[in-house]
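A closer look at the structure
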Amino acid sequence: MPDARLGKEVIASPLAIQGLTVSYDHRPVVHSVDFVTPPGSMSAIIGPNGAGKSSLLKAALGITRRLTGEVRVFGRPFDQMTRHVAYVPQRNSVDWDFPARVIDVVAMGLFRDLRWWQFGGSGQRRRAMRALARVGMEAFAERQIGQLSGGQQQRVFLARALVQEADLTILDEPFAGVDAATETAIVEVLKSLRDEGRTLLCVHHDLATVRSYFDHVLLLNVRRVAAGPVDEVFTEANLQATYGGRLSPVQLARLVEPALAERGR
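Below or above, wherever it landed, is the structure these notes cover. (Residues numbered from 1 in each chain as written. Predicted model: local features only at pLDDT ≥ 70, side-chain atom pairs only at ≥ 80, totals over all residues. Heavy atoms only, no water.)

Regarding its fold elements, the protein chain presents 10 helices and 10 strands. Residues classed as buried in the protein chain amount to 49% of the 265 residues present. Total accessible area computed for the protein chain in this model is approximately 13,000 Å², and 50% of it derives from carbon and sulfur atoms. (Helix = DSSP H or I, 4+ residues; strand = E, 2+ residues; numbered from the N terminus. Buried < 20%, exposed > 50% of the residue type's maximum accessible area, 1.4 Å probe, protein only. Areas by Shrake-Rupley, 256 points an atom, 1.4 Å probe, with all protein chains shown as cover.)

What follows is the structure, given as structure tokens:
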């Protein structure tokens, strides 16, 4: 049963993480984290390098082993709801030398929905092409994935997630190493998914864009520092606690002042 501390919120949430701890070589990299994603939102996990952001996601997804904790998707154990979840990994974790066409990479997102004899059919190709069109990559369908630029590769992996039509999409640093045009295109697609009622959760590192991209935020440094709506949680005190006082007053002012100005109107 869901933890009584979170109650109905857990059942309604696309992703509820409770008491999650991850340890490498007997050293906790994520310690007893609780986090609930609101439905139909874009949420960011923010923290310094080594804070456990990617480790938290991978443990929630069952990619790495969690020492303690429970993960639920719409109130059910994660392993019962995997078809409702799409995952976009970090680009540097992918073997880009694997000889596959762009269309094939996207179609792999449909694998769990098809029988073996359906794989490669015309219906599957149409769905994959629609996803590629949504990220502006339909013209590259026959290209080898390794021939694309970093930004193009990231769009293809987003298309692979789109073709799954998942209720919850989890992305690990989707904007890392991409050009400005690709970042803008990805943000537009993610916001359109949110507006359709889907839920997005991203590991994100650019503090300057948190307010314009996301609705909710989890501030993490091994432990949960704070979580909630960006306007309430993305504060000077919470950022200093998350980054151990490493942000300068000038940096903090640039991050916090837009919210203060808005509240003063």
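This part is about helix 5 (residues 150-162). Along its 13 residues, helix 5 runs 18 Å from first to last C-alpha, staying within 8% of the 18 Å computed at 1.5 Å per residue. Burial analysis of helix 5 places 12 of its 13 residues in the buried class, which makes it a mostly covered element. Taken together, the buried positions of helix 5 are occupied by G150, G151, Q153, Q154, R155, V156, F157, L158, A159, R160, A161 and L162. (Expected span 1.5 Å × (residues − 1).)

On to the nonpolar core, then. One recurring pattern in soluble globular proteins: nonpolar side chains tend to sit buried together. L190 and L239 are the most contacted members of the largest nonpolar core, which totals 53 residues. Considering each element in turn, this core owes the most residues, six residues, to helix 5. If sequence neighbours within four positions are ignored, L239 has contacts with L207, L219, F234, L247, L252, L255 and V256. (Core = buried A, V, L, I, M, F, W, Y, C linked by side-chain atoms within 4.5 Å. Contact = heavy atoms within 4.5 Å.)

This part takes up the side chain of T182. Following the sequence through the fold, T182 ends up in helix 6 (residues 180-195). A polar contact is formed between the side chain of T182 and the side chain of R155, at a distance of 3.5 Å. (Polar contact = N/O pair within 3.5 Å; in protein donor to acceptor, adjacent residues only side chain to side chain.)

We now examine the layout of surface pockets. Here the largest pocket defines a volume of roughly 250 Å³. Contributing to the lining of the largest pocket are 14 residues, with A131, R134, L162, V163 and E165 lying nearest its centre. Sorting the residues of the lining of the largest pocket by element identifies helix 4 (122-134) and helix 5 as the ones contributing at least two each. Element by element, the count of residues in the lining of the largest pocket is highest for helix 4, at four residues. (1 Å grid on protein atoms, 1.4 Å probe; cavity = no way out; pocket = protein on both sides within 12 Å on 5 of 7 lines; lining within 4 Å. Points joined across faces, edges and corners; volume = space filled by probe spheres on them.)

With the rule as written, the count across this model stands at two aromatic pairs. For the ring pair Y213 and F214, a centre distance of 6.2 Å and an interplane angle of 65 degrees mean the geometry is edge-to-face. Here Y213 matches F214 in class, with each residue buried. These aromatic residues form a ring-pair network of at least three members: F175, Y213 and F214. (Phe/Tyr/Trp six-rings, centres within 6.5 Å; stacked < 30°, edge-to-face > 60°.)

Moving on, we get to unusual backbone geometry. Even without being a glycine, S32 presents a positive backbone phi close to 50 degrees. The topology assignment puts S32 in strand 2 (residues 27-37). Classification of S32 by relative accessible area gives partly exposed; the value is 43%.

Now for the packing of helix 5 against helix 6. Where helix 5 contacts helix 6, the two axes come as close as 10 Å, and the packing angle between them is 15 degrees. With respect to helix 6, the element helix 5 is oriented roughly parallel. You can see that helix 5 and helix 6 cross each other, and the crossing is left-handed. Side by side, helix 5 and helix 6 meet where G151, Q154, R155, L158 and L162 of the first sit next to A181, T182, A185, I186, V189, L190 and L193 of the second. (Axes fitted to C-alpha atoms, helices over the stretch in contact; angles between N-to-C directions. Parallel < 35°, antiparallel > 145°, perpendicular 65-115°, else oblique. Left-handed = near helix turned anticlockwise from the far one by under 90°.)

We now examine helix 6. The α-helix advances 3.6 residues per turn, and as a result positions three or four apart in sequence lie on the same side. Across its 16 residues, helix 6 extends 22 Å between first and last C-alpha, which sits within 8% of the 22 Å expected from 1.5 Å per residue. Among the residues making up helix 6, those that are buried are T182, E183, A185, I186, V187, V189, L190, L193 and R194. At the N-terminal boundary of helix 6, the capping side chain belongs to D179, with an oxygen 3.1 Å from the backbone nitrogen of A181. A positive backbone phi angle near 100 degrees is found at G197, which sits one or two residues after helix 6.

A few words now on the sheet that holds strand 8 (residues 199-203). A sheet is described by the order of its strands in space; here six strands give the open sequence 6-7-8-3-9-10, paired in mixed fashion. Unpaired on one side and paired on the other, strand 6 (85-88) and strand 10 (223-229) mark the two borders of the sheet. Pairwise comparison of adjacent strand axes, ignoring direction, gives a mean angle of 15 degrees for this sheet. Pairing between strand 3 (residues 42-46) and strand 8: four bridges, direction parallel. Bridge pairing in strand 8 places S43 opposite L201. In the packing of helix 5 onto the sheet, the strands contacted are strand 6 and strand 7 (168-172), and the crossing angle to strand 6 comes to about 170 degrees. Set on the sheet, helix 6 makes contact with strand 3, strand 7 and strand 8; between it and strand 8 the angle comes to about 145 degrees. (Pairing = 2+ DSSP bridges.)

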